[in-house]
Amino acid sequence: MPELPEVEVTRRGIEPHLVGRTIAAVVVREPRLRWRVPPAVGALAGRKVRAVKRRGKYLLLDCGDGHLILHLGMSGSLRLVAEGSTPGKHDHFDLAFGQQVLRLRDPRRFGAVLWTTQPPEAHQLLRHLGVEPLSRTLDGRLLHGLTRASRVRIKPFLMDGRRVVGVGNIYASESLFLAGIDPRKQAGRLSTEHCALLSKSIKHTLRTAIRAGGSSLRDFVGSDGAEGYFQRRAWVYDRAGEKCRRCGTAIRKIVQGQRATYFCATCQK
Ligand SMILES: [Zn+2]
């Protein structure tokens, strides 16, 4: 599943090719994605893309009088292809810009192509999203405030997109390792020092994955951020029973909120 780093890599990959360009044509081959592609999307030709933004895992194409909202769902990818290249079976949506076409491939059709004329942050899919982990807004102080009075364990807390958006399973485990925090600790019991360390670790982990994904920008697909991350060797994720890279203790695997959590009981307190 595309995670925040992959979506950001995609954003950076397509941005220089789209900004300032006018949409020449829109092709919707399959409107039945997660939600039906609205008719307004089909009428976007003639609009100029002013900016390519991201909020959580949503890509937002600012078209001046509205935003095209794109989400990659479980299996989606965006790439730029040459005009006239034959679409594959799962290529459901094209945005044509002269000689280049932005093409959405989505085999499982959990992705989304939507249009809004509201401010995008007010859209029903976006308005409940938590703080952006890579923004300056997220720091130790904010995280400390967010976690107060929460009895949720810190690992599922981090993965709750209404609190902090886009910290997926891999990144939550890895960030907690780097910050030396036991994933079973109650969020509300984290100290200010813990929260400062953790907010830094989250940013570091996501940035590392974005950098790893950036190496595949050539084809504008946005490699899987997770794969990119693994190439750089995970500290704990998916390493149950293997030795901690810091202290040699066997990495433990537990289940929290139906998701696997990996940690080192020696390094994480
Ligand atoms: Zn360890």
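Residues numbered from 1 in each chain as written. Predicted model: local features only at pLDDT ≥ 70, side-chain atom pairs only at ≥ 80, totals over all residues. Heavy atoms only, no water.

Student: How would you summarise the overall build of the protein chain if you had to cite specific residues and measurements?
Tutor: Looking only at helices and strands, one finds seven helices and ten strands in the protein chain. A compact globule built from 269 residues should have a C-alpha radius of gyration of about 18 Å, and the protein chain, at 20 Å, falls within 12% of that. Along the first, second and third principal axes, the C-alpha set of the protein chain runs to 60 × 35 × 30 Å. A burial count over the protein chain gives 51% of its 269 residues as buried. A separation threshold of at least 6 residues defines the contact pool for the protein chain, and within that pool the share at least 24 residues apart is 66%. Accessible area for the protein chain stands at about 12700 Å²; split by element, carbon and sulfur atoms hold 48% of it. For the protein chain, the centre of its 47 positive side-chain charges and the centre of its 23 negative side-chain charges are spaced 6 Å apart. (Helix = DSSP H or I, 4+ residues; strand = E, 2+ residues; numbered from the N terminus. Rg over C-alpha atoms; globule rule 2.2 N^0.38 Å. Buried < 20%, exposed > 50% of the residue type's maximum accessible area, 1.4 Å probe, protein only. Contact = heavy atoms within 4.5 Å. Areas by Shrake-Rupley, 256 points an atom, 1.4 Å probe, with all protein chains shown as cover. Lys, Arg positive; Asp, Glu negative; His and termini not counted. Charge placed at Lys NZ, Arg CZ, Asp CG, Glu CD.)

Student: Explain the coordination of the zinc ion to me, and be specific about the residues and the numbers.
Tutor: Summarising the metal site, the zinc ion is bound by the protein donors Cys244 (SG), Cys247 (SG), Cys264 (SG) and Cys267 (SG), whose distances to it range over 2.2 to 2.4 Å. Because the angles between the four donor atoms bound to the zinc ion fall within 100 to 113°, the donor set is best described as tetrahedral. In terms of primary sequence, the donors binding the zinc ion are separated according to C-x2-C-x16-C-x2-C. Residue classification places Cys267 among the partly exposed positions, given a relative accessible area of 21%. (Donors = N, O, S within 2.8 Å, 3.2 Å for Na, K, Ca; no water. Tetrahedral: all angles 85-135°; square planar, octahedral: opposite > 155°, others 65-115°.)

Student: How would you summarise helix 1 (residues 4–18) if you had to cite specific residues and measurements?
Tutor: When the terminal C-alpha atoms of helix 1 are compared, their 20 Å separation across 15 residues agrees well with the 21 Å that a helix rising 1.5 Å per residue should span. Counting buried residues in helix 1 gives eleven out of 15 residues, a clear majority hidden from the surface. Taken residue by residue, helix 1 has Leu4, Pro5, Glu6, Val7, Glu8, Val9, Thr10, Arg11, Gly13, Ile14 and Leu18 as its buried positions. In the segment just after helix 1, Gly20 is the residue with positive phi, at about 85°. (Expected span 1.5 Å × (residues − 1).)

Student: Help me get a handle on a nonpolar patch on the surface, residues and values and all.
Tutor: On the surface, a nonpolar cluster with roughly 270 Å² of combined accessible area is contributed by Met1, Met74 and Phe110. Taking relative accessible area as the criterion, Met74 reaches 33% and is therefore assigned partly exposed. (Patch = residues over 30% accessible without salt bridge, like charges linked within 9 Å, V, L, I, M, F, W, Y side chains within 5 Å. Salt bridge = Lys/Arg side-chain N within 4 Å of Asp/Glu carboxyl O.)

Student: Before we move on, could you go through the pairing of strand 9 (residues 252–256) and cite the residues and values that matter?
Tutor: The sheet contact formed by strand 9 and strand 10 (residues 259–263) spans five bridges and is antiparallel. From the neighbouring strand, Arg252 faces strand 10, where its bridge partner is Phe263. Hairpin connection from strand 9 to strand 10: two residues lie between these consecutive antiparallel strands, with Gly257 at a positive phi of about 55°. (Pairing = 2+ DSSP bridges.)

Student: Describe unusual backbone geometry, and please don't skip the residues or the numbers.
Tutor: One can expect most non-glycine residues to show negative phi and most peptide bonds to be in trans. Positive phi, close to 65°, is recorded for Asp238, a residue that is not glycine. Along the polypeptide, Asp238 turns up in the loop between helix 7 (225–231) and strand 9. In this structure, Gln258 takes a positive phi of about 65° despite not being glycine. As for its position among the elements, Gln258 is in the loop between strand 9 and strand 10. Among the residues examined, Gln258 registers a relative accessible area of 76% and is labelled exposed.

Student: So what about the side chain of His71? Which residues, and what values?
Tutor: Tracing the backbone shows His71 in strand 4 (residues 67–71). Within polar-contact distance, the side chain of His71 engages the backbone nitrogen of Gly73 at 2.9 Å. Setting aside residues up to four positions removed in sequence, His71 forms contacts with Lys57, Tyr58, Gly111 and Ala112. (Polar contact = N/O pair within 3.5 Å; in protein donor to acceptor, adjacent residues only side chain to side chain.)

Student: Provide a residue-level description of the packing of aromatic side chains, including the pertinent values.
Tutor: Overall, the coordinates contain two aromatic pairs when judged by the stated rule. Centroid distance Phe177 to Trp235: 5.3 Å. Interplanar angle 20°. Geometry classified as stacked. One end of the pair, Phe177, is in helix 5 (residues 169–179); the other, Trp235, is in the loop between helix 7 and strand 9, with 58 residues separating them in the sequence. Here Phe177 falls in the buried class, since its relative accessible area comes to 1%. Geometry around Trp235 places Arg246 over its ring, the cationic atom sitting 5.0 Å from the centre. (Phe/Tyr/Trp six-rings, centres within 6.5 Å; stacked < 30°, edge-to-face > 60°. Lys NZ or Arg CZ within 6 Å of the ring centre and 35° of its normal.)

Student: Can you lay out the sheet that holds strand 7 (residues 100–105) for me, pointing to particular residues and giving the numbers?
Tutor: Sheet architecture is open: four strands sit in the order 1-6-7-5, paired in antiparallel fashion. Strands at the two margins of the open sheet, each flanked by one partner only, are strand 1 (25–28) and strand 5 (77–82). Adjacent strand axes in the sheet meet at a mean angle of 20° when their direction is disregarded. In this sheet, strand 7 lies alongside strand 6 (residues 91–97) in antiparallel orientation, the contact comprising six bridges. Bridge pairing in strand 7 places Ala96 opposite Val101. Relative to strand 5, helix 1 is tilted by about 35°, and along the sheet it contacts strand 5, strand 6 and strand 7. (Axes fitted to C-alpha atoms, helices over the stretch in contact; angles between N-to-C directions.)

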